[in-house]
Structure formats: structure tokens, C-alpha cells
Amino acid sequence: MAIVKWSPLKEIEEIRKEMDRLFEEFLSPVRRKRTVSSEGIISPNVDIFERGNELVIQVEIPGVDKQDIDLTITDDRLLIKGEIKKPEGVSEEDYILNERSYGPFSRTINLPTDVDKSSVKANLNNGLLEIVILRKEEAKPREIKIPLE
């Protein structure tokens with residue numbers, strides 16, 4: 001075993017690098033990991049964005065079949081429920097590593113007031129559920145000319 005000379009400057013440099021990494025991680029866009037509540041309900045990751053006059057909601061639910069998803073709109077909320085089922089034929093003793101979560105999932109999205117709830121369309125493709133809701137016509141920005149007197 002070789003003897004390495006201790007250098008306080010090297011220690012300070014390592015601390016500086018670690019602080020830089022922590023600040024970079026803290027200030028970078030938030031990456032939310034899928035969470036599981038104390039009741040065992042999974043909360044899948046969601047992206048919400050605008051595309052033209054559409055509100056687009058994308059939900060990560062890999063391995064879920066269409067028949068295992070329930071979408072409901074109430075007054076101002078979209079409720080996404082379903083279940084992520086364990087693979088058939090695999091018991092707990094068979095697992096070497098098990099990082100995925102299985103069981104019921106639920107996510108509630110508050111909707112803006114300017115969406116047309118009757119225009120909702122949903123599509124499930126490769127584990128990504130995409131829900132598209134049109135904005136109401138009166139919600140679109142309008143340009144009004146104001147005459148000067």
C-alpha cells in the first residue's frame with residue numbers, strides 16, 4: 001500500500017466540487033420521481049403544456065393496458081386512475097431486483113377554466129397517455145383596435 005500525502009487544498013477542492021454539484025442539482029429543472037403514497041397509491045409523472053389552442057397532458061404509465069385506465073372530468077378537475085399490474089407468473093421470490101412500483105395509481109389535475117371539457121381526446125401509446133383538451137373559442141386572445149380621438 002502506498003502512502004499518499006494529505007493535502008488540505010485537495011480536500012477544499014473536493015468540497016468545492018461537491019458544493020457546485022449540489023447547487024447545480026438544486027437550480028436545475030425539477031425532475032419528479034414517481035411517488036407512492038402511504039396508502040400505496042402510485043402518483044405517475046405528468047407533463048402539461050400548450051400546443052396551439054390545445055392543453056396537452058402527458059402521463060407516464062408504462063405497462064398499463066387501456067382497459068385498466070379510468071379518466072373522469074368533474075367541474076374543474078381531471079382524475080386519472082388505474083392499476084399497474086405485476087407480471088403474471090413472477091413471484092416475490094423470483095425477483096433479483098425490483099425497482100418498479102405495482103398497484104393502483106391516481107393523479108388529479110386541476111384544469112383551467114378556459115378549456116372545452118366536451119372536446120377531450122385521449123390516446124395511449126408506448127406507455128405514454130396523452131390527453132388533449134381544446135381551449136374555448138372565447139378564451140383565444142383577440143386583437144381589438146382602439147380608435148384615437
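Note that the coordinates shown come from a computational prediction; the quantities given were computed from them, not determined experimentally.

With that settled, the discussion passes to the sheet that holds strand 8 (residues 121-125). Read across the open sheet, the four strands follow the order 3-4-9-8; overall the sheet is antiparallel. One side of each edge strand has no neighbouring strand; the edge strands of this open sheet are strand 3 (46-51) and strand 8. On average, each strand axis in the sheet is tilted by 20 degrees relative to the strand beside it, whichever way the strands run. Of the strand pairs in this sheet, strand 4 (residues 54-60) and strand 9 (residues 128-134) are connected by seven bridges, and their pairing is antiparallel. Following the sheet pairing, Glu54 is matched in strand 9 by Leu134.

Within the largest apolar cluster, 19 residues are counted, with the highest numbers of intra-cluster contacts made by Ile57, Ile61, Ile80, Phe105 and Leu129. Every residue in contact with Ile57, bar those within four places of it in the chain, is listed here: Val46, Asp47, Ile48, Leu78, Ile109, Leu111, Leu129, Glu130, Ile131 and Ile133.

A cluster of nonpolar side chains, namely Ile15, Met19, Leu22 and Phe23, defines an oily patch on the protein surface of about 390 Å² accessible area. You can call Ile15 exposed: its relative accessible area is 53%.

This next bit is on the side chain of Arg107. Looking at the secondary structure, you find Arg107 in strand 7 (residues 103-110). With no salt bridge to any partner, buried Arg107 finds its closest opposite charge in Asp47, at an N-O distance of 8.4 Å. Within polar-contact distance, the side chain of Arg107 engages the backbone oxygen of Pro44 at 2.7 Å.

Scanning all chains against the criterion turns up nine salt bridges. The partner of Lys86 in a salt bridge is Glu92, and the shortest N-O contact between them spans 2.1 Å. Across the pair Asp114 and Arg135 runs a salt bridge, and its minimum N-O distance is 2.4 Å. Highlighted residues: Asp114 in the loop between strand 7 and strand 8 and Arg135 in the segment after strand 9, separated in sequence by 21 residues. Using a relative accessible area of 22% as the deciding quantity, one classes Asp114 as partly exposed. By sharing partners, the salt bridges in this structure join Glu13, Arg16 and Asp20 into a single network.

Quick notes on the rules
- Residues numbered from 1 in each chain as written.
- Predicted model: local features only at pLDDT ≥ 70, side-chain atom pairs only at ≥ 80, totals over all residues.
- Heavy atoms only, no water.
- Pairing = 2+ DSSP bridges.
- Helix = DSSP H or I, 4+ residues; strand = E, 2+ residues; numbered from the N terminus.
- Axes fitted to C-alpha atoms, helices over the stretch in contact; angles between N-to-C directions.
- Core = buried A, V, L, I, M, F, W, Y, C linked by side-chain atoms within 4.5 Å.
- Buried < 20%, exposed > 50% of the residue type's maximum accessible area, 1.4 Å probe, protein only.
- Contact = heavy atoms within 4.5 Å.
- Patch = residues over 30% accessible without salt bridge, like charges linked within 9 Å, V, L, I, M, F, W, Y side chains within 5 Å.
- Areas by Shrake-Rupley, 256 points an atom, 1.4 Å probe, with all protein chains shown as cover.
- Salt bridge = Lys/Arg side-chain N within 4 Å of Asp/Glu carboxyl O.
- Lys, Arg positive; Asp, Glu negative; His and termini not counted.
- Polar contact = N/O pair within 3.5 Å; in protein donor to acceptor, adjacent residues only side chain to side chain.

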